[in-house]
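Geometric and topological summary
The primary structure of each chain is shown beneath.
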Amino acid sequence: MKMVITGGAGFIGSNLAHALTRRPEVSEVRVVDDLSTGFKENLRGLDVHFTEGSVLDGALLDRVFRGADTIVHLAALPSVARSVAHPIASHHANATGTLCVLEAARRAGGVHVIASSSSSVYGANPHLPKHEGLRSAPLSPYAVSKLASEAYLGAFHHCYGLPVLPFRFFNVYGPGQPAGHAYAAVVPAWISAMTAGHPVLVHGDGHQTRDFTYVETVCRVLTRAALRGSVSAEPVNLAYGTRTSLLELITELESVLGKPLNPQYLPPRPGDVRHSHADNARLRSLFPEVEPVPLREGLERTAEWFRTRGQ
Ligand code: NAD
């Protein structure tokens, strides 16, 4: 099978590239990435065809998608905070970018498209756990762009019969997730700060909760979905229903790293949701055999990566 990963030089995309190149069913992995937040270095040593460019470039996508069996579309400008600072850039890369990918998949003969939406689409809806039937209530431009993306997948399925699968990722963490930038996610930012002896910055009171998902778990699901050609016009939560407060995460990290931390509390950030906890009945029914990597093990493996290779 020939696979394309858009955003394949990024955190999740490069982990997926490693996973797919190990599969005997996969004969070719192509990556398209404009390196705006990803790094070519993440693909070092892998047998992948790398094309540097944007998913907004239709002619480039036509070349990369020709003859492909599945496209895993991960290219986006992530981060709620980044989208609050740069809403139009977020919309272009995430919403328009997805539309361009879908149009190119259609031109290429109706290629299967798996794409990454986000738990942020639940936004202000207070219901827990979050199941896919809930009303979406985006709180940030990022969440709006992701809601548009998954809605475009559904529309392309209904209008053109395109085989699609929109996943809602929750808080994905693991090796390869960068720490050293303004929009870094909480796990790499805190491991990096604790390792360097810097204070850990907590936005809000720390009682907000997240459903942390180890990147290998996400890649296991994406790999199965790609190899099997799984299709759903409706979005599917990709998380395992573990609800961890940021204060609990701090305690876990103290135990993993064997040192106390020094939390510094800042005001909550606009656009951030208060609680996030997935109902994953739909995921379980589609991929009953996938077992998630537990939080403790995932944090240990992430910390080890930072010790040996991280910033
Ligand atoms: P990332 O920033 O590491 O990866 C995104 C990749 O897309 C980068 O390599 C970047 O260079 C590339 N990219 C950006 N704009 C592009 C464009 N116009 N054309 C081509 N490439 C472009 O982020 P990630 O954490 O690996 O996220 C992957 C996907 O998962 C994104 O769609 C993100 O919105 C989604 N997601 C991630 C999380 C998470 O917790 N990490 C949660 C929910 C959703």
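What counts as what
- Every chain is numbered independently, its residues counted from 1 as its sequence is written.
- Given that this is a predicted model, residues contribute local features only at a pLDDT of at least 70 and side-chain atom pairs are listed and counted only at 80 or more, while totals for whole chains, interfaces and linings are drawn from all residues.
- Side-chain numbers here rest on the full set of heavy atoms in the structure, without hydrogens or water.
- In this description a helix means any DSSP run of H or I spanning at least four residues, a strand means any run of E spanning at least two, and both kinds are numbered starting from the N terminus.
- Classification of residues uses two cut-offs on accessible area relative to the type maximum, computed with a 1.4 Å probe and protein chains only: under 20% is buried, over 50% is exposed, and between them is partly exposed.
- Every residue pair with non-hydrogen atoms within 4.5 Å of one another is taken to be in contact.
- Method for areas: the Shrake-Rupley scheme with a 1.4 Å probe, in which residue coverage is limited to the protein chains shown.
- Charge assignment: positive for Lys and Arg, negative for Asp and Glu; neither His nor the chain ends contribute.
- By convention, the charge on Lys lies at NZ, on Arg at CZ, on Asp at CG and on Glu at CD.
- The predictor attaches a confidence to each residue, called pLDDT, with possible values from 0 through 100.
- Two strands qualify as a pair provided DSSP detects at least 2 bridges between them.
- Note on geometry: axes are C-alpha line fits, over the in-contact stretch for helices, and angles between N-to-C directions span 0 to 180 degrees.
- Here a residue is considered near a molecule or strand provided that any single heavy atom belonging to it is located within 4 Å of it.
- By the criterion applied in these results, polar contacts are pairs of N or O atoms within 3.5 Å in which, for protein atoms, one can donate a hydrogen and the other can accept it, and in which residues neighboring in sequence qualify only through two side-chain atoms.
- Nonpolar residues are Ala, Val, Leu, Ile, Met, Phe, Trp, Tyr, Cys and Pro. Charged residues are Asp, Glu, Lys and Arg, and all others, Gly as well, are polar.
- Roughly parallel covers angles under 35 degrees, roughly antiparallel covers those over 145, roughly perpendicular covers 65 to 115, and oblique covers all other angles.
- Left-handed describes a crossing whose near helix is turned anticlockwise from the far helix through less than a right angle; right-handed describes the clockwise counterpart.
- Method remark: on a 1 Å grid restricted to protein atoms, a set of points is classed as a cavity if a 1.4 Å probe fits but cannot get out and as a pocket if it is open with protein on both sides within 12 Å along at least five of seven lines; lining residues have an atom within 4 Å of a point.
- Grid points are joined across faces, edges and corners, and a volume is the space filled by probe spheres set on the points.

Before going further, it helps to spend a moment on the overall build of the protein chain. When helices and strands are counted, the protein chain shows 10 helices and 13 strands. The principal-axis extents of the C-alpha atoms in the protein chain amount to approximately 55 × 45 × 40 Å. Every one of the 311 residues in the protein chain was classed for burial, and the buried ones make up 52%. Taking all contacts inside the protein chain whose residues are at least 6 apart in sequence as the whole, residues at least 24 apart take part in 81%. Of the roughly 13000 Å² that the protein chain leaves accessible, carbon and sulfur atoms contribute 54%. One way to put it: in the protein chain the 29 positive side-chain charges average out to a point 1 Å from where the 27 negative ones average out.

A few words on the confidence of the model for the protein chain. On average, residues of the protein chain score 96 in pLDDT, and 99% of them reach the 70 mark or higher. Within the protein chain, the element-level pLDDT minimum falls on helix α6 (residues 186-196), averaging 92, and the maximum on strand β1 (residues 2-6), averaging 99.

Glancing now at the sheet that holds strand β3 (residues 49-52). By way of backbone hydrogen bonds, the strands of a sheet pair with one another, either parallel or antiparallel. Across the sheet, 7 strands lie side by side as β3-β2-β1-β4-β5-β6-β11; this open sheet has parallel pairing. Looking at strand neighbours, the two that pair on one side only are β3 and β11 (236-238), the edges of this open sheet. Shown here is a sheet whose adjacent strand axes are inclined to one another by a mean of 20 degrees, direction ignored. As paired elements, strand β2 (residues 28-33) and β3 share 4 bridges and run parallel to each other. By the bridge assignment for β3, D33 is matched with E52. This element, helix α7 (residues 215-228), spans β1, β4 (70-73), β5 (112-118), β6 (164-169) and β11 of the sheet and lies at about 175 degrees to β6.

Close to the ligand lie 27 residues; F11, D33, T37, Y142 and K146 are nearest. Within the contact set of the ligand, an oxygen atom lies 3.0 Å away from a backbone nitrogen or oxygen of L74. In isolation the ligand exposes 820 Å². Once the protein is present, 93% of that is buried. Those elements that place two or more of their residues in the shell around the ligand are α1 (11-21), β5, α5 (141-160) and β7 (171-173). Here the shell around the ligand gets 3 residues from one element, more than from any other, and that element is β5. Partitioning the shell around the ligand into residue classes produces 13 nonpolar, 11 polar and 3 charged.

With that settled, the discussion passes to unusual backbone geometry. Of note, the amide linkage connecting L128 to P129 takes the cis form, showing an omega dihedral of -10 degrees. You can see P129 is positioned in the loop between β5 and α5. The phi dihedral of L35 is positive, around 60 degrees, even though this residue is not glycine. Secondary-structure assignment places L35 in the loop between β2 and β3. Positioned with a positive phi, S79 is a non-glycine residue whose angle comes to about 95 degrees.

Turning to its location among the elements, S245 is positioned in strand β12 (residues 244-245). Each residue touching S245, except ones within four places of it in the same chain, is listed here: G206, H207, Q208 and T209.

Remark: helix α4 (residues 87-107) packs on α5, axes separated minimally by 8 Å, with the N-to-C direction vectors making an angle of 15 degrees. In terms of axis orientation, α4 runs roughly parallel to α5. In the crossing of α4 with α5, the sense of the turn from one axis to the other is right-handed. On the side of α4, the interface is formed by P87, S90, H91, N94, A95, T98, L99, L102, E103 and R106, while α5 contributes P141, Y142, S145, K146, A148, S149, Y152, L153, F156 and Y160. Residue composition of the contact of α4 with α5, grouped by class: 11 nonpolar, 6 polar and 3 charged.

Next up on the list: empty space enclosed by the protein. Going through the model one piece at a time under the given rule, you end up with 1 cavity of 30 Å³ or more. For the largest cavity, the calculated volume is near 40 Å³. Along the walls of the largest cavity sit S119, Y122, G123, K130, F170, V273, H275 and S276, which together make up its complete lining. By residue class, the composition of the lining of the largest cavity is 3 nonpolar, 4 polar and 1 charged.

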